[in-house]
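Residue-level structural notes
Residue strings, one per chain:
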Amino acid sequence: MNHWLMKTEPSTFGIDDLERAPKRTTMWDGVRNYQARNLLRDDFAKGDRAFLYHSSCAVPGIVGVMRVVRAGYPDPTDRESARPTWYAVDVQLERRLSRVITLEELRAHATRCLAKLVLLQRGNRLSVMPVSAAHFEFILSLE
DNA sequence: GCCAACGTTGGC
DNA sequence: GCCAACGTTGGC
């Protein structure tokens, strides 16, 4: 069972939108980065849990926990796919956190508990990234 | 709006 | 295959 962190810009699609979506479920599409694509295609499994992360906003941070309800499949928004290039997954909101676990707060643990967290690595630009089980639990304990 | 950092593109 | 130019991401 893998754990993930998935970034979204709340001005485009955020936790409020996901909460209102039918079955609190959405197709996570539009990823156009090969490394992230490979994760979606090869490593995302039904039942995996993922943090929902708000980026490019006033208070960047983790706002919810999601469940992967459909593993990787060809992204239907990928128009020119004779062979599929891009992949999507379906995720369901499990719960909204009682508060935002902010990027600033995660950074406060960057030299210790969260030293290897991909989100905190220099120059990281992945929109979908793995989180270790230990990191996942630690972050939840901050709530 | 700025800018650092990275991915992608395309000329050679 | 190299690498400069360009585009994008995302925090601040």
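See the structure printed just above.
If you're wondering where the values come from, they're calculated on a predicted model, not measured in any experiment.

Calculation criteria
Residues numbered from 1 in each chain as written. Chains lettered and ligands numbered in written order. Predicted model: local features only at pLDDT ≥ 70, side-chain atom pairs only at ≥ 80, totals over all residues. Heavy atoms only, no water. Near = heavy atom within 4 Å. Polar contact = N/O pair within 3.5 Å; in protein donor to acceptor, adjacent residues only side chain to side chain. Nonpolar A, V, L, I, M, F, W, Y, C, P; charged D, E, K, R; others polar. Pairing = 2+ DSSP bridges. Helix = DSSP H or I, 4+ residues; strand = E, 2+ residues; numbered from the N terminus. Axes fitted to C-alpha atoms, helices over the stretch in contact; angles between N-to-C directions. Contact = heavy atoms within 4.5 Å. Buried < 20%, exposed > 50% of the residue type's maximum accessible area, 1.4 Å probe, protein only. Arc of directions from axis to C-beta.

In the neighbourhood of DNA strand B, the contacting residues comprise Tyr34, Arg122, Gly123 and Arg125. A breakdown of the atoms of DNA strand B within 4 Å of the protein gives sugar and phosphate a share of 57%. A distance of 2.9 Å separates a phosphate oxygen of DNA strand B from a polar atom in the side chain of Arg122. For the surface near DNA strand B, the class distribution of residues is one nonpolar, one polar and two charged.

The mixed open sheet is built from six strands, whose spatial order is 2-5-4-3-1-6. Two strands close off the open sheet at either side, each with one partner strand: strand 2 (25–28) and strand 6 (128–131). With strand direction ignored, the average angle separating the axes of adjacent strands in the sheet is 35°. Pairing between strand 2 and strand 5 (residues 87–102): four bridges, direction antiparallel. Each residue of the ladder has a partner; that of Thr26, found in strand 5, is Val91. Against the sheet, helix 2 (residues 34–43) engages strand 1 (3–8), strand 4 (61–74), strand 5 and strand 6, with an angle of about 60° to strand 6.

Attention shifts here to the pairing of strand 4. Note: strand 3 (residues 49–54) against strand 4, six bridges, orientation antiparallel. Within the sheet, the bridge partner assigned to His54 lies in strand 4 and is Gly61. Linking two consecutive strands that pair antiparallel, namely strand 3 and strand 4, is a turn of six residues; a positive phi of about 50° is found at Ser56 within it. Both strand 4 and strand 5 contribute to a ladder of ten bridges, which runs antiparallel. From the neighbouring strand, Arg70 faces strand 5, where its bridge partner is Asp90.

Turning next to the protein's contact with DNA strand C. Lys7, Tyr53, Ser55, Ser56, Pro60, Leu103, Arg107, Arg125 and Leu126 make up every residue found near DNA strand C. In DNA strand C, atoms within 4 Å of the protein come 81% from sugar and phosphate. In the model, a phosphate oxygen of DNA strand C is placed 2.9 Å from a nitrogen or oxygen of the Arg107 side chain. In the model, a base oxygen of DNA strand C is placed 3.0 Å from a nitrogen or oxygen of the Arg125 side chain. Grouping the amino acids of the surface near DNA strand C by side-chain chemistry returns four nonpolar, two polar and three charged.

Here we come to helix 2. Among all positions in helix 2, only Ala36, Arg37, Leu39 and Leu40 are buried. Seen end-on, helix 2 carries its buried residues on one side only, within an arc spanning 160°. Exposed and oriented more than 90 degrees from the buried face of helix 2 are Tyr34 and Gln35. Summarising the contacts, the buried residues of helix 2 are in contact with strand 1, strand 4, strand 5 and strand 6. The opening residue of helix 2, the one whose side-chain oxygen lies 3.0 Å from the backbone nitrogen of Gln35, is Asn33.

This is a description of form; function is not addressed.
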